[in-house]
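Fold and geometry: a report
Now for the letters of each chain:
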Amino acid sequence: MPLSEHEQRMLEQMERALYAEDPKFASALEGNGLRTYTRRRVYQAVAGFLIGIALLMTGMVMQLIWVSVVGFLVMLGCAVLAVTGWRKAPKPGEQPPGAARRQVRPRRSMMDRIEQRWQRRRDEQGR
């Protein structure tokens, strides 16, 4: 559900206040999204790997080959997810890949854009 205009303005004001008050802390918070996502993905893959081991052992004990094969495939898939997630995770204090390529545009609030349009229309009508 998208934020209302008032909520967006309030959020932008809070962000500006945070940057003005403590820019170092604010910049440290920016990079945590990708790192948290990849860490969570690795933890989920490890849990899936353990479930795969349990399925493999259950299949061996009950002498059901298909359960063991499914357990092995789950283990293999989760191991691949864990390794790729671990490699993609940025180190603490490091910019996520692609962040350097992005151009930083100053954020303008909706009111600034509306005022700019209003000024442009007034200038066009005044000519």
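All values derive from a computational prediction rather than experimental measurement.

**Some details on the overall build of the protein chain**
Within the protein chain, the secondary structure is distributed over 5 helices and 0 strands. Helices and strands in the protein chain line up, N terminus first, as α-α-α-α-α. Looking at the protein chain residue by residue over its 127 residues, the buried ones come to 16%. For the protein chain, the share of sequence-separated contacts (at least 6 apart) that also reach a separation of at least 24 residues comes to 55%. Approximately 11000 Å² of the protein chain is accessible, and the part contributed by carbon and sulfur atoms is 61%.

**Comments concerning the confidence of the model for the protein chain**
Predicted coordinates in areas of low pLDDT are best not read in detail. Within the protein chain, residue pLDDT values average 76, and 69% of them lie at 70 or more. Within the protein chain, helix H4 (residues 65–88) carries the highest mean pLDDT (85), whereas helix H2 (residues 23–30) carries the lowest (67). Counting contacts from residues 99–104, a segment whose pLDDT is below 50, to residues more than four positions away or on other chains yields 0 contacts.

**Some details on unusual backbone geometry**
Phi at glutamine 63 is positive, roughly 55 degrees, even though this residue is not glycine. Mapped onto the elements of the fold, glutamine 63 is located in the loop between helix H3 (32–62) and H4. Its relative accessible area of 69% is what places glutamine 63 among the exposed residues.

**Considerations on the UniProt feature "transmembrane region" (unreviewed entry) in the protein chain**
The UniProt feature table records "transmembrane region" (unreviewed entry) at residues 42–59 and 65–86. Strand forms 0% of residues 42–59 and helix 100%; the C-alpha atoms that close the span are 26 Å apart.

**Some points on a nonpolar patch on the surface**
Side chains of Ile65, Val69, Phe72, Leu73, Leu76 and Val80 sit close together on the surface and give an oily, nonpolar patch of about 590 Å² of accessible area. Assignment of secondary structure puts leucine 76 in helix H4.

**Quick word on the environment of leucine 56**
Tracing the backbone shows leucine 56 in helix H3. Setting aside its immediate chain neighbours within four residues, leucine 56 contacts Ser68, Gly71, Phe72 and Met75.

**Remarks on the side chain of serine 68**
Looking at the secondary structure, you find serine 68 in helix H4. Among the polar contacts listed, one links the side chain of serine 68 to the backbone nitrogen of methionine 60, at a separation of 3.2 Å.

**Observations regarding the environment of valine 67**
Along the chain, valine 67 turns up in helix H4. Remark: the alpha-carbon pair of valine 67 and leucine 55, spanning 12 residues in sequence, is separated by 6.2 Å. Residues within four places of valine 67 in sequence aside, it is in contact with Leu55 and Gly59.

Quick notes on the rules
- Residues numbered from 1 in each chain as written.
- Predicted model: local features only at pLDDT ≥ 70, side-chain atom pairs only at ≥ 80, totals over all residues.
- Heavy atoms only, no water.
- Helix = DSSP H or I, 4+ residues; strand = E, 2+ residues; numbered from the N terminus.
- Buried < 20%, exposed > 50% of the residue type's maximum accessible area, 1.4 Å probe, protein only.
- Contact = heavy atoms within 4.5 Å.
- Areas by Shrake-Rupley, 256 points an atom, 1.4 Å probe, with all protein chains shown as cover.
- pLDDT = per-residue confidence, 0-100.
- UniProt positions renumbered as here; feature names shortened; annotations may be inferred.
- Patch = residues over 30% accessible without salt bridge, like charges linked within 9 Å, V, L, I, M, F, W, Y side chains within 5 Å.
- Salt bridge = Lys/Arg side-chain N within 4 Å of Asp/Glu carboxyl O.
- Polar contact = N/O pair within 3.5 Å; in protein donor to acceptor, adjacent residues only side chain to side chain.

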